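# Overview (structure and organization)
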Amino acid sequence: MKKQLVTCTINGKVRENYIDPRASLSDLLRGEEHLHSIKHGCDVGECGACTVVIDGETYNSCIYMAIWAEGKNITTLEGLSTLDGTISDIQQAFIDEGAIQCGFCTPGFIMSSLPIIESDEEFTRDEIKKQVSGNFCRCTGYDTIVTAIEKTHNKRKAERAKK
Amino acid sequence: MYDFNNIYQPKTVKEALEMKKAHPDALLLAGGSDILIQCREGRLAGRDVISIYTLDELRGICMEDDGTILIRPLTSFSHITNNPIIKKYIPTLGDAVDQIGGPQIRNIGTIGGNICNGVTSADSATTLKTYDAILEIASVDGIRILPYADFSKGPGRVDLREGEMLTGIRIKKDSYENTFGKYIKYSMRRAMDIATLGCSVNVRLTEDKKKVDRVRIAFGVAGPVPLRALSAEESLKGQLISEELLEAASQAVMADVNPRNSWRASKDFRIQLIKELTRRALRSSIEQAGGEF
Amino acid sequence: MIVGKAVNRVDAEAKASGTAKYVADLVDRNALVAKVLHSTIANGTVLSFDLDEAYKVPGVVKIVTCFDVPDKQFPTPGHPWSTHKAHQDISDRKLLNTRVRFYGDDIAAVIAEDEIAATRALKLIKVEYEEYEPILTYEDAMKDGAMAIHEEKPNNVVVHSDYEMGNFDEAIKEEGLIKVEGTYETPIVSHCHIENAGSYAYMESGRIIVVSSTQIPHIIRRVISQALDCGMGKIRVIKPYIGGGFGNKQDALTEPLNAFLTSVVGGRCVKLFYTREETFVCTRTRHAMKFFIESYVRKDGTFAARKIKAYSTQGAYASHAHALVANAVNGFRMMYPVGAIKGDAYTVYTNLPTAGAMRAYGIPQIGFALEAHVDDICQKAGFDKVQFRRDNMMQVGFVDPFTTIACHSSGLDECITRGKEYVNWDQKIEEYKNQTGDIRRGVGMAVFCYKTGVYPIALETSAVRMVLNQDGSTQVQMGATEIGQGADTVFSQMAAETLGFTLDKVNLISTQDTDVTPYDTGAYASRQTYVSGMAVKKTALSLKKKICEFAGYMLNRDPSDLDIEDNNIVHVGTREKYLTTEEVAMEACYSLENSNHISAEETHHCSDNTYALGCCFAEVEVDIPMCSVKILKIINVHDSGKIINPQTARGQVHGGMSMGIGYGLYERLIIDPKTGKTNNDNLLDYKLMTVLDTPDLGYDFVEPEDPSGPYGNKALGEPPVIPVAPALRNAVYNATGVAVNAIPLHPQRLFEEFSKAGLIK
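Residues numbered from 1 in each chain as written. Chains lettered and ligands numbered in written order. Predicted model: local features only at pLDDT ≥ 70, side-chain atom pairs only at ≥ 80, totals over all residues.

### Some remarks on the domain arrangement of chain A
Residues and elements named next belong to chain A. Quick reminder of the rule: Each domain's extent is set by a domain assignment, obtained either automatically or from a database. Whether two residues are in contact is decided by their C-beta atoms, placed from the backbone, lying within 7 Å. Counting from the N terminus, the helices are the DSSP runs of H or I reaching at least four residues and the strands are the DSSP runs of E reaching at least two. Side-chain classes are defined by residue name, with Ala, Val, Leu, Ile, Met, Phe, Trp, Tyr, Cys and Pro counting as nonpolar, Asp, Glu, Lys and Arg as charged, and the others, Gly among them, as polar.
According to the domain assignment, chain A contains domain 1 (4-80) and domain 2 (89-162). Tallying the contact residues gives 14 residues for domain 1 and 14 residues for domain 2. With three residues, strand β3 (residues 51-54) is the single largest residue contributor to the side of domain 1 that touches domain 2. Broken down by class, the residue content of the side of domain 1 that touches domain 2 amounts to eight nonpolar, five polar and one charged.

Laid out in structure tokens, this is it:
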């Protein structure tokens, strides 16, 4: 099918890609942008491994058409590290809490946690669970993942309060 | 990559309706959380689609002058849940759609898509039924108004005629005023699941809060399409609030439902759930309305 | 000490930053796409194909069918090959099969330029079958006159085995025995690793290279060579990071066919990535088993005799076949090795998806049956459930008469004590007596024992290579694989510990490449920390000796006076520092007089095994009218010997408990009883627990040093899944008085059981 220009912001940079209009956003991000943190575990929006943040909300990029990304602001896991490659606090928390095993679901979980850790609201553990309930993990039993998010949320809140 | 034959991308509703007229067999692609999956599975592969997801004029919630609440069909589930009008006047609806899938699905999935795919398990459908929602359906020839009650035509089939698309969902003031409700989704998991049974109830009590002035009950997966328990509602009207009322309700709804056996659950188990969820949802609704047992 | 410390995983940063590469991240973007055509009948024979329409799809490169593949059957399971014919795995499938044996069998494959072309072509292939009635239960498969699913096994029994310890018939003559019988059933479940099965393959200079998501690269190389009938040297298998395996990837899945497919398109790169649906149906499952148990117990609460008859539903192909149910009936004996015990086990072909290895290999099945049965015994005879177990369970010094595996260490008694405390057992048992009402609570528990490796059933061998870098660090190459469980991390700790290096001086190569990686059979059983860990220790000692020898040459000292500590060459007694290992490594590499590229490679042929033990305690709340179970409290307490890394160990326990809760309450593959088609081959309909369904997971370790383990350690990877389902079943029994003898305890089943018991009217 005739390719079509899609212009959007990906990890802070304006990107122009000519894509097949039948492509999913994950096709664009993995295939054109080589952002391999986006994983495919089901291709039908059930596993959450391809989660990205678009204009502040989480989406499964496998069931989001690439053409819909026109003008949007998209963040993937790669966008959380600073330009010099330093990883962010939420990534470090996943490491420190032992929330990573096979690692395949990890990028999706971290992306799903962003609306929480970037929020000033209080969240109970159950509310944190709800925000990442669209992501499956078979390795960890989830416990340490929830703890990593909880701790990062509290840390960021404390940092913001200081400022 | 999705296997579409063609994908049309209208910029306005008017353009979308023209495309729908020109390509009557084309599928309307809203959030896609249903259509794209069926395309991937092969059931809808190779079809023409009209992508309407980016038509922002079909998005949002507002209150009209007469107090009618208008929900545009592309409003996502999460936006419905977090909308101040919904929170204030029809929290049951916000709560119902907050139980769909997971956060990502609630961000992409639209209420219009949820009711237009016509499945009996749609979580928004039962609550829209109990609030007597009214649909605005457009085509190049104009607007057609249809009670949601008359929309379902069978499993997966709705009353959308050639060239038509849903453009609005309205709930009238009388329908939500002084009315309190509860939706219970019974599923195997607390997220990422479809309802084994869904039950939405709302009540308006008499001024002394002793009696039921109006009760509306609807079920998902209790029949081939989402359905209202009209005979049960009629029999409960004007009744005194009591434990017996709950029991009577759980028996009365049996005349209105038609659950079936499937590999997901047996008919008998669904009947058990219909009774139990009716009791629990009605109790919660009455308690929220200030009624005491 | 680095061993025993909760250090972060060595691969965690790569995984947290998204730089860790999995198979799909490495494949050439111009690779051809292969898709397999799966049969739409469960039992039959392919008569012919009509490929005309399919070939008309633009982009289709080649279609191969079951009539085009080598006429050669091969085995798929991830076992070390046996050079004794009698012990070899069963060769019962071809790359594509004319004889269709389950709904989803591989009958043809399309290779195309892109996915849409491949998928469209698949839909256009017309197949003519001769169709037979599907045989979907072991009962039907074993009936007289049942059609043979494989002609080599006319009665569909893959293997039948039995044993007797003591004399059962004599033992039951004892007076005053209480007889308890029970039948217990476990479901087919799926591994549900989040990365599906998949590989890509290409050719280079006449050799086939397969990059795959596998737990067993060296074994995959052998299986491909058997399937393609070519020398092993012609095959190269590479395993990068993988997104979980849990035993499913301890089997040749897409690799042999993919190796063949690249060879029919001139060695062009072909990718064969299974969808989630294919991963559910066309890879492997956990065996459904049914157990008939008969026990005779004395009034003092000890076993006099018991026997078990076990039927394991294999599905269409043998894969790991009888090894699992044999393990199960052995586990029946080992947990309570008292009295006369008789075991009888059948593995039976059916027209169902193929069962294979899955975490704990037959023991979750027997664990459920046996521990449910023990509660039934205690209930019937009025025994204390904990004391009965304590009085009969395996003790240190036990040597299994059939396998010769000895109990070298046991902390089980202490595990039970801690589990009891955690749920406040004694008080709750009292509190929950005589409950009425819709909502009721209960407590339950279960114990287990688990063999760490596969000795003496199969070969246990592992090799490791360590190369000293000029900066005094080492590259460690191992055939043992990281599949998410944390193997790379604990091996790094072991290497650092033994070498006297700091952890940052150990670079463990995570990728296996059969061209360069030393041999190891791979990640299965709970063998790697035990077997491969010993190979790490042995190789590290060898490398250390060579470093000290060179340092001795440099210092003109006796190497036996030297040791390594924190990357320094020190005096073995005074700990005085002489040199850094970097100085030694630099000199060894670049010395003009005595250049010596220091490396070490050792094989550990393991001839021992050991039991890990433990328990689960749970408290539940049952909502009877809603037919639902809520876990209020749950803990696993493990004796896995010394814990190498508390952080990764906790991860194994959490993950196993989660899988165990799923096994007990949620998961089952649902097969249509008429057609054999899998109804719930996706993550929406297969009820893998979400985070919201998961309770807080308690865990604890009792750490007796195991004298046979390299660092006092024994199995941990698999055991956590074992005791959870029976503990939950027993807790529901305690709460409601309803003994449910099949898992999962999903709402539909509870509805039926509660209705039968009169709790729901």
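### Let's talk about the interface of chain B and chain A
Contact residues are listed per partner, giving 22 residues for chain B and 25 residues for chain A. When residues of the side of chain B that touches chain A are traced back to their parent elements, those giving at least two are β1 (4-8), α2 (35-41) and α6 (103-108) of chain B. Here the residues of the side of chain B that touches chain A sort into twelve nonpolar, nine polar and one charged.

### Section: the interface of chain C and chain A
Taken together, the contact pairs 47 residues of chain C with 42 residues of chain A. Ranked by residues supplied to the side of chain C that touches chain A, first place goes to helix α18 (residues 646-666) of chain C with eight residues. In terms of residue class, the side of chain C that touches chain A is made up of 17 nonpolar, 20 polar and ten charged.

### Looking at the nonpolar core
Within soluble globular proteins, side chains that are nonpolar generally end up buried alongside one another. Residue and element names in this part refer to chain C. Selection criterion: By definition, a nonpolar core groups buried Ala, Val, Leu, Ile, Met, Phe, Trp, Tyr and Cys residues that are joined through C-beta atoms within 7 Å. Exposure is read from a count of other C-beta atoms within 10 Å of each residue's own; the residue is exposed at 12 or fewer, buried at 20 or more and partly exposed in between. C-beta atoms are placed from the backbone.
Counting 400 residues, the largest nonpolar core has A109, V110 and L728 as its most contacted members. Per element, the largest residue contribution to this core is eleven residues, and it comes from helix α16 (residues 528-555). In contact with A109, not counting residues within four places along its chain, are A34, K35, V36, L37, V64, L96, L257 and L261.

### Concerning the domain arrangement of chain C
Residue and element names in this part refer to chain C. Here chain C is described as being made up of domain 1 (22-132 + 204-273), domain 2 (288-455 + 608-756) and domain 3 (461-605). Inter-centroid distance (C-alpha atoms) of domain 2 to domain 3 is 39 Å. Taken together, the contact pairs 21 residues of domain 2 with 16 residues of domain 3. It is α18 that provides the largest number of residues to the side of domain 2 that touches domain 3, a total of three residues. In terms of residue class, the side of domain 2 that touches domain 3 is built from ten nonpolar, nine polar and two charged.

### Comments concerning the packing of α16 of chain C against helix α17 (residues 581-590) of chain C
Residues and elements named next belong to chain C. The test is simple: Think of each axis as a best-fit line through the C-alpha atoms, taken over the contacting stretch in the case of a helix, with angles from 0 to 180 degrees between the N-to-C directions. What sets the label is the angle itself: under 35 degrees gives roughly parallel, over 145 gives roughly antiparallel, 65 to 115 gives roughly perpendicular, and the rest give oblique.
Packing of α16 against α17 brings their axes to within 10 Å, and their N-to-C directions diverge by 80°. One finds that α16 runs roughly perpendicular with respect to α17. Within the contact between the two elements, α16 uses I547, F550, A551 and M554 and α17 uses T581, V584, E587 and A588.

### Re the sheet that holds strand β2 (residues 44-50) of chain C
Residues and elements named next belong to chain C. Quick note on the threshold: Only strands that DSSP links by at least two bridges are regarded as paired with each other.
Read across the sheet, three strands follow the order β4-β2-β6 without closing on themselves; strand pairing throughout is antiparallel. A single partner strand is all that each edge strand has here, and the edge strands are β4 (99-100) and β6 (126-131). Relative to β6, β2 is paired through six bridges, and the arrangement is antiparallel. Counted as the bridge partner of S48 is E128 from β6.

### Focus on helix α10 (residues 322-335) of chain C
The criterion, for reference: Residue count minus one, scaled by 1.5 Å, sets the expected span of a helix.
For α10 of chain C, which comprises 14 residues, the first-to-last C-alpha distance of 20 Å matches the rise-based estimate of 20 Å (1.5 Å per residue) to within 8%. Counting buried positions along α10 of chain C yields 14 of 14 residues, so the element is predominantly enclosed.

### Section: the environment of P70 of chain C
All names here are of chain C. Structurally, P70 is set in the loop between β3 (60-65) and β4. By C-beta crowding, P70 is classed as partly exposed, having 14 other C-beta atoms within 10 Å. When the C-alpha positions of P70 and Y129 are compared, they lie 21 Å apart, and in sequence the two are 59 residues distant.

### Re helix α4 (residues 115-124) of chain C
Residue and element names in this part refer to chain C. Of all ten residues that make up α4, seven are buried, and the element is covered over most of its length. Among all positions of α4, only I116, A117, A118, T119, R120, A121 and L122 are buried. Close packing links the buried residues of α4 with β1 (32-38), α3 (52-55), β3 and β5 (106-112).

### Points about the sheet that holds strand β14 (residues 303-315) of chain C
Residues and elements named next belong to chain C. The strand order across the open sheet built from five strands is β7-β15-β14-β13-β8, with neighbouring strands paired in mixed fashion. Edge positions in the sheet fall to β7 (157-165) and β8 (178-186), since each has one partner strand and no second. The mean inter-strand angle of the sheet, taken between neighbouring strand axes irrespective of direction, is 5°. In this structure, β14 lies alongside strand β15 (residues 340-349), joined through ten bridges in parallel fashion. If you follow A310 over to β15, its bridge partner there is A345. Sheet strands in contact with helix α11 (residues 363-381) are β8 and β13 (288-297), and its direction is about 145° off that of β8.

### Brief notes about unusual backbone geometry
Residue and element names in this part refer to chain C. Cis peptide bonds are those with omega within 30 degrees of zero, and the linkage from Y455 to P456 qualifies with 0°. Tracing the backbone shows P456 in the loop between β16 (439-451) and β17 (461-468). Geometrically, the link from I743 to P744 is a cis peptide bond, its omega value of 0° lying close to zero. Structurally, P744 can be placed in the loop between α19 (724-736) and α20 (747-756). Phi is positive for N156, close to 70°, though the residue is something other than glycine. Following the sequence through the fold, N156 ends up in the loop between α5 (138-142) and β7. The class of N156 is buried, set by 22 C-beta atoms lying within 10 Å. Positioned with a positive phi, R575 is a non-glycine residue whose angle comes to about 65°. For R575, the position within the fold is in the loop between β22 (568-571) and β23 (577-580).

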